[in-house]
Amino acid sequence: VQLQASGGGLVQAGGFLRLSCAASGLTFSAYAMGWFRQAPGKEREFVAGIGERSGGSTSYSPSVKGRFTISRDNAKNTVYLQMNSLKPEDTAVHYCARCKYSLPSNSPGEYDYWGQGTLVTVSS
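Here's what I pulled together on the structure shown here. Remember, predicted model here, so these are calculated numbers, not experimental data. Each chain carries its own residue numbering, running from 1 in the written order of its sequence. Reporting in this predicted model follows two pLDDT cut-offs: at least 70 for local features of residues, and 80 or more for side-chain atom pairs to be given and counted; totals over whole chains, interfaces and linings ignore these cut-offs and use all residues. By convention in this description, side-chain values take in all heavy atoms of the structure and omit both hydrogens and water.

1. Examining the state of the cysteines
Thought 1: The definition used for a disulfide is geometric: two cysteine sulfur atoms within 2.5 Å. According to the stated counting rule, one finds 1 disulfide in the structure shown.
Thought 2: Between C21 and C96 runs a disulfide, and the two sulfur atoms are separated by 2.0 Å. In this structure the cystine formed by C21 and C96 twists about its S-S bond by roughly 60°; its chirality is therefore right-handed. In this pair, C21 sits in strand β3 (residues 17-24) while C96 sits in strand β9 (residues 92-99), placing the two residues 75 residues apart along the sequence.
Thought 3: When its relative accessible area of 0% is taken as the criterion, C96 is described as buried.
Thought 4: No disulfide involves C99; its sulfur sits 13 Å from that of C96, the nearest cysteine.
Thought 5: When a residue's accessible area, from a 1.4 Å probe over protein chains only, is under 20% of the maximum for its type it is buried; when over 50% it is exposed; and in between it is partly exposed. Given the relative accessible area of 0%, C99 is considered buried. The helix and strand labels rest on DSSP assignments: H or I over at least four residues marks a helix, E over at least two residues marks a strand, and numbering proceeds from the N terminus.

Shown next as structure tokens:
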């Protein structure tokens with residue numbers, strides 16, 4: 001079972017990044033997927049989630065709504081996070097995770113598989 005996140009890096013404020021998370025060894029298309037992040041010294045927080053279908057229902061943290069877009073391609077077993085207008089406070093390790101249910105949740109406890117994380121650093 002593997003969730004392989006990629007696409008993180010160093011970017012200036014106002015810039016953009018696209019994270020990808022490729023799943024293998026698990027059932028992907030029947031479950032919602034989510035992105036979380038954890039900054040140093042802070043708890044892991046929900047960023048965005050998407051329902052089981054490509055183009056399915058989405059949910060965003062208020063801090064990223066309007067700037068980030070989550071999407072998925074079930075044919076490729078991959079979920080994406082397009083991050084625009086990045087701010088220094090977006091700096092964190094970003095994790096993808098598979099939800100236990102078909103609709104996204106903002107609670108980490110309702111996700112059963114996690115990727116290793118990819119670091120996003122936004123400079124001011």
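2. Details of the environment of L3
Thought 1: Looking at where L3 falls in the secondary structure, it is placed in strand β1 (residues 2-6).
Thought 2: Taking the C-alpha atoms as reference, L3 lies 18 Å from Q82; in sequence the two are 79 residues apart.

3. Things to note about the nonpolar core
Thought 1: The biggest cluster of nonpolar side chains holds 25 residues, and the ones touching the most others in it are W35, I70, V79, L81 and M83.
Thought 2: Of all the secondary structure elements, the ones that give two or more residues to this core are β1, β3, β4 (33-38), β5 (45-50), β7 (68-73), β8 (78-83) and β11 (118-123).
Thought 3: At 4 residues, β3 tops the list of elements feeding residues into this core.
Thought 4: Contacts: residue pairs with any heavy atoms within 4.5 Å of one another. For M83, the contacting residues outside a window of four places in its chain are G15, F16, L17, L19, R67, F68, H94 and V120.
Thought 5: Note on terminology: a nonpolar core comprises buried Ala, Val, Leu, Ile, Met, Phe, Trp, Tyr and Cys residues joined through side-chain atoms within 4.5 Å. If you look at the next biggest cluster of nonpolar residues, it comprises 6 residues, including F36, F46, A97 and Y111.

4. Re the packing of aromatic side chains
Thought 1: Paired rings are identified among Phe, Tyr and Trp, the last through its six-membered ring, by centres lying within 6.5 Å, and are further divided according to the angle between planes into stacked (under 30 degrees), edge-to-face (over 60) and tilted (the rest). Per the counting criterion, the structure on display carries 4 aromatic pairs.
Thought 2: On the numbers, 5.6 Å between centres and 75° between planes, the contact of F36 with F46 is edge-to-face. Within this pair, whereas F36 is found in strand β4, its partner F46 is found in strand β5, the two being separated by 10 residues in sequence.
Thought 3: Overall, F36 belongs to the buried group, its relative accessible area being 0%.
Thought 4: Overall, F46 belongs to the buried group, its relative accessible area being 11%.
Thought 5: A ring pair is formed by F36 and W114, whose centres lie 5.0 Å apart and whose planes are at 55°; its orientation type is tilted. Here the residue F36 occupies a position in strand β4, and W114 occupies one in strand β10 (residues 111-114), the gap between them amounting to 78 residues.
Thought 6: Members of the aromatic cluster, each reached through a chain of ring pairs, are F36, F46, Y111 and W114.
Thought 7: The residue whose ring lies beneath R18 is Y80, and the NZ or CZ to ring-centre distance is 4.0 Å.
Thought 8: By the criterion adopted, a ring carries a charge over it if an Arg CZ or a Lys NZ lies within 6 Å of its centre and within 35 degrees of its normal. The ring of Y31 is capped by R98, whose NZ or CZ atom sits 4.0 Å from the centre of that ring.

5. Brief notes about the sheet that holds β8
Thought 1: Taken in spatial order, the 4 strands make up an open sheet running β1-β3-β8-β7, and their pairing is antiparallel. Looking along the sheet, the strands with just one partner apiece sit at the ends: β1 and β7. Strand-to-strand twist of the sheet, defined as the mean angle between neighbouring strand axes without regard to direction, takes the value 15°. When DSSP finds two or more bridges between a pair of strands, those strands are recorded as paired. Geometry is summarised by axes, namely lines fitted to C-alpha atoms with helices restricted to the contacting stretch, and by angles between N-to-C directions that run from 0 to 180 degrees.

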